[in-house]
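Observations on the model geometry
So the chains spell out like this:
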Amino acid sequence: YMSCPTTEHWQAAKGVVRYLAGTTSYGIMFGSTSNNATGVVGYCDADYAGDVDTRRSTGGYVFIMNGAAVSWQSKRQATVAASTTEAEYMSAASAVKESLWLRQLLTDLGIAQGPVSMLADNQSAIKLLKNPVSSMRSKHIDVAHHFARERVARQEVAFVFVATDEQIADVMTKALPKYKHVYCCDGMGMVC
């Protein structure tokens, strides 16, 4: 939109600047009481066709260790997903790549890490990740995303269902009501 910005774009940019100005005192505190899981725990999520211009989905993940976020990403997906399951599956593939990198980093630092627990709120995507059977509904999904299945089969990553209300990665994929935004920030160990 840089070549032809509108008033709406200007208002959105000002909203981002207002948010940044209002959160300058925020930080991440490790060891917070909101999430005391041992090792690295990941949350991944996607919105389905959230970009109104391209109908591409936004995928996001956040990894928590010692009660605070250590890695996170929010990114519009490269291709249009044909279903919510596909959007979540593509997001899971990105999260698996990051989880493998974090797992190797911890190993290099001498910190034992078993399979990384990945929490996702789409049961269809979790079933697709755990079941290496191709069906008419899933065979169109790009092979580039199927490596996530292989990593689940190798037990390097373990996907677990989490209720949408408890999905911390929601903050990476969509605008949220204030109570949910606060919940996600608290879950990532953010303090002000």
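Residues numbered from 1 in each chain as written. Predicted model: local features only at pLDDT ≥ 70, side-chain atom pairs only at ≥ 80, totals over all residues. Heavy atoms only, no water.

**Observations regarding the nonpolar core**
In terms of nonpolar packing, the biggest core is built from 22 residues, with Cys44, Phe63, Met118, Leu129 and Phe159 touching the most fellow members. Among the secondary structure elements, those contributing two or more residues to this core are strand 2 (40-47), strand 3 (58-65), helix 2 (84-108), strand 5 (116-120), helix 3 (123-130), helix 4 (143-153) and strand 6 (157-161). Counting residues per element, this core draws most heavily on helix 2, which supplies 8 residues. In contact with methionine 118, other than residues within four places in its own chain, are Gly42, Tyr43, Cys44, Phe63, Ala95, Ser99, Val157, Ala158, Phe159 and Val160. Judged by nonpolar contacts, the second largest core, of 11 residues, contains Val41, Tyr43, Val62 and Ala169. (Core = buried A, V, L, I, M, F, W, Y, C linked by side-chain atoms within 4.5 Å. Buried < 20%, exposed > 50% of the residue type's maximum accessible area, 1.4 Å probe, protein only. Helix = DSSP H or I, 4+ residues; strand = E, 2+ residues; numbered from the N terminus. Contact = heavy atoms within 4.5 Å.)

**What to know about helix 5 (residues 178-187)**
Those residues of helix 5 that sit buried are Lys180, Cys184, Cys185 and Gly187. Taken down its axis, helix 5 places every buried residue within 160 degrees of arc, on the same side. When the buried face of helix 5 is taken as reference, the exposed residues oriented beyond 90 degrees from it are Lys178 and Tyr179. In the core, the buried residues of helix 5 are packed alongside strand 3 and strand 7 (190-191). After helix 5 finishes, the residue glycine 189 shows a positive phi value of roughly 80 degrees. (Arc of directions from axis to C-beta.)

**Quick notes on a nonpolar patch on the surface**
Together, Ile28, Phe30, Val70 and Trp72 give the surface a local cluster of nonpolar side chains, amounting to about 370 Å² of exposed area. Of note, valine 70 is situated in strand 4 (residues 68-76). (Patch = residues over 30% accessible without salt bridge, like charges linked within 9 Å, V, L, I, M, F, W, Y side chains within 5 Å. Areas by Shrake-Rupley, 256 points an atom, 1.4 Å probe, with all protein chains shown as cover. Salt bridge = Lys/Arg side-chain N within 4 Å of Asp/Glu carboxyl O.)

**What about the environment of valine 152?**
In this structure, valine 152 sits in helix 4. Residues valine 152 and valine 116 lie 36 residues apart in sequence; the distance between their C-alpha atoms is 9.8 Å. If we skip the residues at most four places from it in the chain, valine 152 touches Leu129, Lys130, Val157 and Phe159.

**Observations concerning the sheet that holds strand 4**
Spatial ordering of the open sheet is given by 4-3-2-5-6, a layout of 5 strands whose pairing is mixed. In this open sheet, the two edge strands, each paired with only one partner strand, are strand 4 and strand 6. Neighbouring strand axes in the sheet, compared pairwise and without regard to direction, differ in orientation by 20 degrees on average. Examined bridge by bridge, strand 2 and strand 3 share 8 bridges and lie antiparallel to one another. Residue valine 41 lies in a different strand from strand 3, and its bridge partner there is isoleucine 64. Relative to the sheet, helix 2 contacts strand 2, strand 3, strand 4, strand 5 and strand 6, its axis offset from that of strand 2 by approximately 160 degrees. (Pairing = 2+ DSSP bridges. Axes fitted to C-alpha atoms, helices over the stretch in contact; angles between N-to-C directions.)

**Section: the side chain of glutamate 88**
Tracing the backbone shows glutamate 88 in helix 2. Despite its burial, glutamate 88 pairs with no opposite charge, the nearest such side chain being lysine 174 at 6.4 Å. Setting aside its immediate chain neighbours within four residues, glutamate 88 contacts Cys44, Asp45, Ala46, Asp121, Asn122 and Ala125. (Lys, Arg positive; Asp, Glu negative; His and termini not counted.)

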